[in-house]
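Listed here are the chains, written in short residue letters.
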Amino acid sequence: QVLLTDSGGGLVQPGGSLRLSCAAEGYVLNSYAIAWFRQAPGKEREEILCESSSSGTVYYANSAKGRFTISRDVAKNTVYLQMNGLKPEDTATYYCTSRPNYCSAHERDYTSWGQGTQVIVSS
């Protein structure tokens, strides 16, 4: 069984930072591409970034460039999404997801999903 558990969401002030975690069980996370999606109320789910395990290339949505960073802790089998300079429009439920090796621009290609963690950016 493959299980992803995302966590770390919460309430943060605009301009603040938050680090989300995605812990994997049942497989070696470092061998998989890891992507983060988010879905704001009333909007479609969007991919905000993905790191390919094969090349290390990180693909960013425009909304994430310069503010969001992905990292991996192999020992903990965990991926982190560091979010800096948070804005109210970042308010959403965030999901980590994975697929073998390569990133995909298509949501349907990702087969393992976390349950989602809510991020609220508000003063």
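Placed above this text is the structure.
Cut-off values and rules
- Residues numbered from 1 in each chain as written.
- Predicted model: local features only at pLDDT ≥ 70, side-chain atom pairs only at ≥ 80, totals over all residues.
- Heavy atoms only, no water.
- Helix = DSSP H or I, 4+ residues; strand = E, 2+ residues; numbered from the N terminus.
- Rg over C-alpha atoms; globule rule 2.2 N^0.38 Å.
- Buried < 20%, exposed > 50% of the residue type's maximum accessible area, 1.4 Å probe, protein only.
- Pairing = 2+ DSSP bridges.
- Axes fitted to C-alpha atoms, helices over the stretch in contact; angles between N-to-C directions.
- 1 Å grid on protein atoms, 1.4 Å probe; cavity = no way out; pocket = protein on both sides within 12 Å on 5 of 7 lines; lining within 4 Å.
- Points joined across faces, edges and corners; volume = space filled by probe spheres on them.

Enquirer: So, the overall build of the protein: which residues are in play, and what are the values?
Expert: Summing up its helical and strand segments, the protein has 0 helices and 11 strands in all. For a compact globule of 123 residues, the expected C-alpha radius of gyration is about 14 Å, and the protein comes in at 13 Å, within 12% of that figure. Expressed along its principal axes, the backbone C-alpha trace of the protein runs to roughly 40 × 25 × 25 Å. Counting all 123 residues of the protein, 41% fall into the buried class.

Enquirer: Which residues make up the sheet that holds strand 7 (residues 68-73), and what values go with them?
Expert: Read across the sheet, 4 strands follow the order 1-3-8-7 without closing on themselves; strand pairing throughout is antiparallel. Because the sheet does not close on itself, it has two edges, and the strands there are strand 1 (3-7) and strand 7. Strand-to-strand, the axes of this sheet are offset by a mean angle of 15°, without reference to chain direction. As paired strands, strand 1 and strand 3 (residues 18-25) are joined by 5 bridges and run antiparallel to one another. When the bridges of strand 3 are listed, S7 appears paired with S21.

Enquirer: Can you explain empty space enclosed by the protein? Please cite residues and give values.
Expert: Summed over the entire model, instances satisfying the criterion amount to 1 cavity of 30 Å³ or more. In this model, the largest cavity occupies a volume close to 40 Å³. In terms of lining, the largest cavity is formed by L29, N30, R72, D73, V74, N77 and T78.

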